[in-house]
There are 4 protein chains.
Amino acid sequence: MKRIAVLTSGGDAPGMNAAIRAVVRKAISEGMEVYGINYGYAGMVAGDIHKLDSAAVGDKVGRGGTFLYSARYPEFAQLEGQLAGIEQLKKFGIEGVVVIGGDGSYHGAMRLTEHGFPAVGLPGTIDNDIVGTDYTIGFDTAVTTAVDAIDKIRDTSSSHHRTFIVEVMGRNAGDIALWAGIASGADDICIPEKEFKFENIVNNIKKGYEKGKNHHIIVVAEGVMSGAEFAKKLKEAGDDSDLRVSVLGHIQRGGQPTVRDRVIASRMGARAVELLRDGIGGVAVGIHNEELVESPILGTEEEGALFSLNEDGGIKVNNPHKAGEELYKLNSALNNLNLN
Amino acid sequence: MKRIAVLTSGGDAPGMNAAIRAVVRKAISEGMEVYGINYGYAGMVAGDIHKLDSAAVGDKVGRGGTFLYSARYPEFAQLEGQLAGIEQLKKFGIEGVVVIGGDGSYHGAMRLTEHGFPAVGLPGTIDNDIVGTDYTIGFDTAVTTAVDAIDKIRDTSSSHHRTFIVEVMGRNAGDIALWAGIASGADDICIPEKEFKFENIVNNIKKGYEKGKNHHIIVVAEGVMSGAEFAKKLKEAGDDSDLRVSVLGHIQRGGQPTVRDRVIASRMGARAVELLRDGIGGVAVGIHNEELVESPILGTEEEGALFSLNEDGGIKVNNPHKAGEELYKLNSALNNLNLN
Amino acid sequence: MKRIAVLTSGGDAPGMNAAIRAVVRKAISEGMEVYGINYGYAGMVAGDIHKLDSAAVGDKVGRGGTFLYSARYPEFAQLEGQLAGIEQLKKFGIEGVVVIGGDGSYHGAMRLTEHGFPAVGLPGTIDNDIVGTDYTIGFDTAVTTAVDAIDKIRDTSSSHHRTFIVEVMGRNAGDIALWAGIASGADDICIPEKEFKFENIVNNIKKGYEKGKNHHIIVVAEGVMSGAEFAKKLKEAGDDSDLRVSVLGHIQRGGQPTVRDRVIASRMGARAVELLRDGIGGVAVGIHNEELVESPILGTEEEGALFSLNEDGGIKVNNPHKAGEELYKLNSALNNLNLN
Amino acid sequence: MKRIAVLTSGGDAPGMNAAIRAVVRKAISEGMEVYGINYGYAGMVAGDIHKLDSAAVGDKVGRGGTFLYSARYPEFAQLEGQLAGIEQLKKFGIEGVVVIGGDGSYHGAMRLTEHGFPAVGLPGTIDNDIVGTDYTIGFDTAVTTAVDAIDKIRDTSSSHHRTFIVEVMGRNAGDIALWAGIASGADDICIPEKEFKFENIVNNIKKGYEKGKNHHIIVVAEGVMSGAEFAKKLKEAGDDSDLRVSVLGHIQRGGQPTVRDRVIASRMGARAVELLRDGIGGVAVGIHNEELVESPILGTEEEGALFSLNEDGGIKVNNPHKAGEELYKLNSALNNLNLN
């Protein structure tokens, strides 16, 4: 393979730039040419494609966001969109693609490979909810941002003896909530993967203040419910503390990537190039047990594939990701709590 | 004066601990004893008062929040509350008080002084909206937190070509919005002190994207309206960009104070002690033209007093604070904008 | 076991406080009492021991350093010292000990266990050079501090087209240098585990500037040689660029622990308590493949033990730690370099 | 004036990019064209000059260093160098220049103005040692970096009961040391502007530990002597504590500028353009009493000029800058110290 391309797709995540840089530099060191595709699959179809040299990724390893821009482009789920994209790839002489993003991005990579254009997926999403990897690019940074914010909230919360509900990101996965909660010493953590009772939380709050605590912080993943709704239900369940809500929101997506995100993004980017160099596509790179691994994007659940075929030929998403049971129990032990 | 006390009152602000530390250390170096009053005026009335030695404020200069806790206590506006507080001061042999907080805190300090207990006010509030000082303790930190957040939002905003409305604190004063907007290179800044037209903002957004900008950030002080309401009105005025809202909220109150807040808090704390040492109360310490200054809490507007007497003997609040005209115009020039 | 103690020993590392907090809270949730021993083994022998309740570790999860203080105390390698310590443990009714530190700390834990006082070791050191764990407590924070510093150095280095040698910690292990170098996009990384030639580095520098680079950054682990010596040898080997040296030094030991260090410290602390609860001592807790693991402190190299017995009954230190070959090669590929 | 240029010269300082951005954007809003000159006066003479549009300074307000690069170029002190530079300015049709830097930069600006090319100076240096302004661009950031480092050093220092000498930048001016010392709660601060006795410091250290302090931190400006030399003299004067030295070095020059540096740089940059627009050169912009001010570069000391003519026609540098007496006394009071 002489010429490859790289794109970012879906929600942006800190570390995407570090991954792009590694793809570019590694490819050049392997004697390949690299093109950047702006705006994900939308840009592929539109032909928004330009050559990247080594200098183009200088000073990018620590920048937040993605300098190739990202976009959601559902049209690429359809054959027509895919063929339009491939036409552009041919025009530029591109033989393989590295795709950095989440589920939808992987789907596109699978289709490109099926059409004869090997594509490799890298897990770029803050939610840590992609199968086939212990960590996604951006997760460590998002948790770090959340913990910085909760550390600040704790200051004001302690000064006023307040209870705070902090809503963090995570639609399906409680990982951000769980890690941020443990790391900031939050009193309760509520995640989509775990049932809990509001009465128990009300009780935890009461006991805490009785024991002399000067604040109570509850981290709630957005997948559970919104912070405002959570507050309402907590009041209905009998909470009578001075209660506030803080929604961290989009700041969790931005910022300079942490060391860990920079390092795993660099490692994954380089591996993706090695795979394409060897003519391998249709796989996703992950990190498992601190080692780089690959899994097929389409395959069986046992193989660690993200997608499987249904009996009717439709596509089924495998995402057996579960926020760590160990961490959940750990937090209860550290705070002497009873949530469910 | 042999024995003084210190309290924090109203909303907490980063740097309050640095001010308390300076009061304690400076007083000890002047041969005085210092007592800390927990929970502001509420704690004064309840007698929640304890001695502070030099070690009690070790490692506090850089901590957020206030380790003396704060509380709002409207009862102290009434004579009954004040007398109950004074009774406690007498019990502990306290002869003067340093009060760190905002308007309400200053009011209490004025009353204590009138009752024969000299009290000095220090401006502890993130909003920068106290008369008699160019900067309040906590303002620089709050702006820094806001800029950190906007820097992150800009990353994700640029990656997706999005327009963001960032709601920052500031009920009456646009200072946080103005400084944070200039420092983060925000495209528009909307503050309570200035009229603006939504159509002009819609126009700015359009022109920006036409010129090839990849994001548009609007900083809105909460005193203008909520971020959600602002978004609604912007849409009604014709905006068709990909619009998001981020409410920074309580994180702006917490966190380790910046260098500047630590330094001005230390300077002000020491000055307050010098005033009490010299038997002076009923004044507020401020920083004006980088020099420490005092102004009477009750007096004429010309004297820089926070409160004046009405003809009917009632109290009038002087707060002629105006966010800098120069900064407002500067931002328009830097972004080539037309807001009003 | 009804009563356990915890101490920190050797060089301090960020995250030690998070580990202590987890030990205390977890033990209390298991119905045990916990005592803190100040100044490591020195304090044990001196009887500087005090009870820790849940509140004593409030607001500690994010603090740098160790609030139990640390000290080196070679006397504890001798039987006499150990017996003096045990006498104190008996006096306080302490039945088991959690020891947080490095090699020397583990040695003490092994001896205590042999004398009938089960002790568990946790790897608390920034160098990441303890056998039996993929990561030590403090490593992620130290690397993060180094990267923050190198990011700043890069700014000034680029402004002036300068070459910088940045000396980071790591006497035997190149992990800090390697991770910091990859994450900051350093041009060369020199570690004790790898040979290199100065002529090749001189050549890399020249080629970089010829290709239009505006700076060149070399990260050197202190175990290779000092930054000053490195600069001297580089000049001798023919470098003619504008060369500066920066020694990061002790800042790498301090600071608020990162999310990751807080989380692994919390997990390890809780596990140590579970082991003592079950009467198990003489083992070290580690993290391997993202799972908590234990290994004997004294045993065979195959068991992952830190210490083995020599044929003559002496003790041999197993520390087969090797900075990742993959990371080393990765950096060469990303920078197109030839070091050896 | 239709076309102006901007350059950075001398040591780089955080906030230079914010100043350049303001010059460019403000000039465009005034209908002027702007050119950037790379590498300061060296680039002027070499004709390394290129047009800057609004987009060229997008996303630059928060970046450290200077994207126009900087260089020292003593040749510009000579007439020959100046004429060579002017030839280039003519070639590009440039009628006025904004110069961001220190003493040497101002000298060049003065000469350009004398030759008929109005030039305005902005104080860009971390040392805060330029006459005619209360604060220089970069000072607040440098102090913030120093305080971050000292906060970390304090962690490890407290854990081990150590004495630390922290050497900060400042050849002639003690401002960085003074502000950083106050803000970090350092025990002693030694600056070039003040005499001190080593015996008194030894005494302070002893008294501190006797009173139960767990660390002692001494901030020393490099203009006093090196950290290593300071340590040697302290030992000679009788110190017997566990003493370490940390040299902060070049990290103080880099990093993202603080809010304050971004804001004052933006204000000054815009003002420089207004001056050139009005045909005014040979002056330096400063901030005094929080207001923008101008002073002649060449003039009398009373006018606040940096340079005055000697009787023999030679140039005399006026730099009556004195680190704040108030701050120095404040620190002594807060730490109960006796330095001189």
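Rules and cut-offs
- Residues numbered from 1 in each chain as written.
- Chains lettered and ligands numbered in written order.
- Predicted model: local features only at pLDDT ≥ 70, side-chain atom pairs only at ≥ 80, totals over all residues.
- Heavy atoms only, no water.
- UniProt positions renumbered as here; feature names shortened; annotations may be inferred.
- Contact = heavy atoms within 4.5 Å.
- Buried area = accessible area lost by both parts, 1.4 Å probe.
- Salt bridge = Lys/Arg side-chain N within 4 Å of Asp/Glu carboxyl O.
- Polar contact = N/O pair within 3.5 Å; in protein donor to acceptor, adjacent residues only side chain to side chain.
- Helix = DSSP H or I, 4+ residues; strand = E, 2+ residues; numbered from the N terminus.
- Nonpolar A, V, L, I, M, F, W, Y, C, P; charged D, E, K, R; others polar.
- Buried < 20%, exposed > 50% of the residue type's maximum accessible area, 1.4 Å probe, protein only.
- Core = buried A, V, L, I, M, F, W, Y, C linked by side-chain atoms within 4.5 Å.
- Domains from an automatic or database assignment.
- Least-squares fit on C-alpha atoms with pLDDT ≥ 70 in both.

Going by an unreviewed UniProt entry, chain A carries the name ATP-dependent 6-phosphofructokinase and comes from Lactococcus hircilactis. Here is the UniProt Cofactor (unreviewed entry) comment for chain A, exactly as written: "Mg(2+)".

Engineer: Quick rundown of the interface of chain A and chain C? Include the residues and the values.
Structural biologist: Every contact between the two is made by 38 residues of chain A and, on the other side, 38 residues of chain C. Around 3,400 Å² of area is buried between chain A and chain C when both sides are counted, 56% of it from carbon and sulfur atoms. Of all residues in chain A, Val259, Arg260 and Leu334 of chain A give up the largest surface area on contact with chain C, accounting jointly for 17% of the area buried on that side. Our enumeration of links across chain A and chain C arrives at eight salt bridges. As a salt-bridge pair, arginine 154 of chain C and aspartate 59 of chain A come within 3.5 Å of each other at their nearest N and O atoms. In this assembly, chain A and chain C are joined by twelve residue pairs in polar contact (both at pLDDT 80 or more). Elements that contribute at least two residues to the side of chain A that touches chain C include exactly helix H1 (16-29), helix H5 (139-160), helix H6 (175-184), helix H9 (259-277) and helix H10 (325-335) of chain A. By residue number, the principal contributor to the side of chain A that touches chain C is H9 of chain A, which donates seven residues. Of the residues assigned to the side of chain A that touches chain C, the class counts are 17 nonpolar, eight polar and 13 charged.

Engineer: Which residues make up the interface of chain A and chain B, and what values go with them?
Structural biologist: Reports often express the size of an interface as the amount of accessible area lost when the parts come together. Across the boundary between the two partners, chain A contributes 31 residues, which contact 31 residues of chain B. Around 2,400 Å² of area is buried between chain A and chain B when both sides are counted, 53% of it from carbon and sulfur atoms. Between chain A and chain B we count zero salt bridges in total. Where chain A touches chain B, the interface holds 16 residue pairs in polar contact (both at pLDDT 80 or more).

Engineer: Any chance you could break down the UniProt feature "binding site: ATP" (unreviewed entry) in chain A for me, citing the residues and the numbers?
Structural biologist: In the numbering used here, UniProt assigns the feature "binding site: ATP" (unreviewed entry) to Gly11, Arg72, Tyr73, Gly102, Asp103, Gly104 and Ser105 of chain A. Judged by maximum C-alpha separation, these annotated positions cover 95 residues in sequence but sit close together in space, the widest gap being only 12.6 Å. Structurally, glycine 11 of chain A can be placed in the loop between strand E1 (3-8) and H1. Residue glycine 11 of chain A is classed as buried on the basis of its relative accessible area, which comes to 15%. Beyond its immediate sequence surroundings of up to four residues, glycine 11 of chain A is in contact with Met16, Arg72, Gly124 and Arg253 of chain A together with His160 of chain B. Structurally, serine 105 of chain A is set in helix H4 (residues 103-114). In contact with serine 105 of chain A, not counting residues within four places along its chain, are Ser9, Gly10, Tyr41, Val99 and Ile100 of chain A.

Engineer: Provide a residue-level description of the nonpolar core, including the pertinent values.
Structural biologist: Of all hydrophobic cores here, the largest spans 153 residues; its most connected members are Val6 of chain A together with Val6, Ile218, Phe230 and Leu234 of chain B. Not counting the four nearest positions on each side in its chain, phenylalanine 230 of chain B is found in contact with Ile165, Cys190, Phe196, Phe198, Ile201, Ile218, Val220 and Met225 of chain B.

Engineer: I'd like a rundown of the domain arrangement of chain A, residues and numbers included.
Structural biologist: All names here are of chain A. Its domain assignment divides chain A into domain 1 (3-138 + 257-298) and domain 2 (142-254 + 324-335). For domain 1 versus domain 2, the separation of C-alpha centres amounts to 35 Å. Contacts between the two partners involve eleven residues from domain 1, matched on the other side by 13 residues from domain 2. Our count for the domain 1 to domain 2 interface comes out at zero salt bridges. Put simply, domain 1 and domain 2 have three residue pairs in polar contact (both at pLDDT 80 or more) between them.

Engineer: Hey, could you go over the relation of the copies chain A and chain B for me, with residue numbers and the actual values?
Structural biologist: Superposing the two chain copies requires a rotation about an axis and a translation along that axis. Expressed as a screw transformation, the operator carrying chain A onto chain B has a rotation angle of 180° and an axial translation of 0.0 Å, and the superposed copies differ by an RMSD of 0.0 Å. One copy is carried onto the other by what is essentially a two-fold rotation axis. Taken as a fraction of all interface residues of chain A, those also at the interface in chain B reach 100%, which identifies the copy contact as same-surface.

Engineer: I'd like a rundown of the relation of the copies chain A and chain C, residues and numbers included.
Structural biologist: Of the transformation superimposing chain A on chain C, the axial component is 0.0 Å and the angular component is 180°, with the fit at an RMSD of 0.0 Å. When the interface residues of chain A are mapped onto chain C, 100% of them are again interface residues, pointing to one common binding face.

Engineer: Residue-level account of the pattern of salt bridges, with values.
Structural biologist: Any two side chains of opposite charge can pair, on the condition that their charged atoms come close. Counted by the stated rule, this structure contains 91 salt bridges over all chains. Between lysine 232 of chain B and glutamate 236 of chain B there is a salt bridge, with its nearest N and O atoms 3.5 Å apart. Residue lysine 232 of chain B and its partner glutamate 236 of chain B are located together in helix H8 (residues 227-236), separated by four residues, close to a single helical turn. Across the pair, glutamate 236 of chain B and lysine 232 of chain B agree in class, each one exposed. Of the charged contacts in the structure, one is a salt bridge between arginine 267 of chain B and glutamate 326 of chain D, with a shortest N-O distance of 2.7 Å. Placement of the pair is arginine 267 of chain B in helix H9 (residues 259-277) and glutamate 326 of chain D in helix H10 (residues 325-335), with the two residues belonging to separate chains. Note on arginine 267 of chain B: relative accessible area 6%, which makes it buried.

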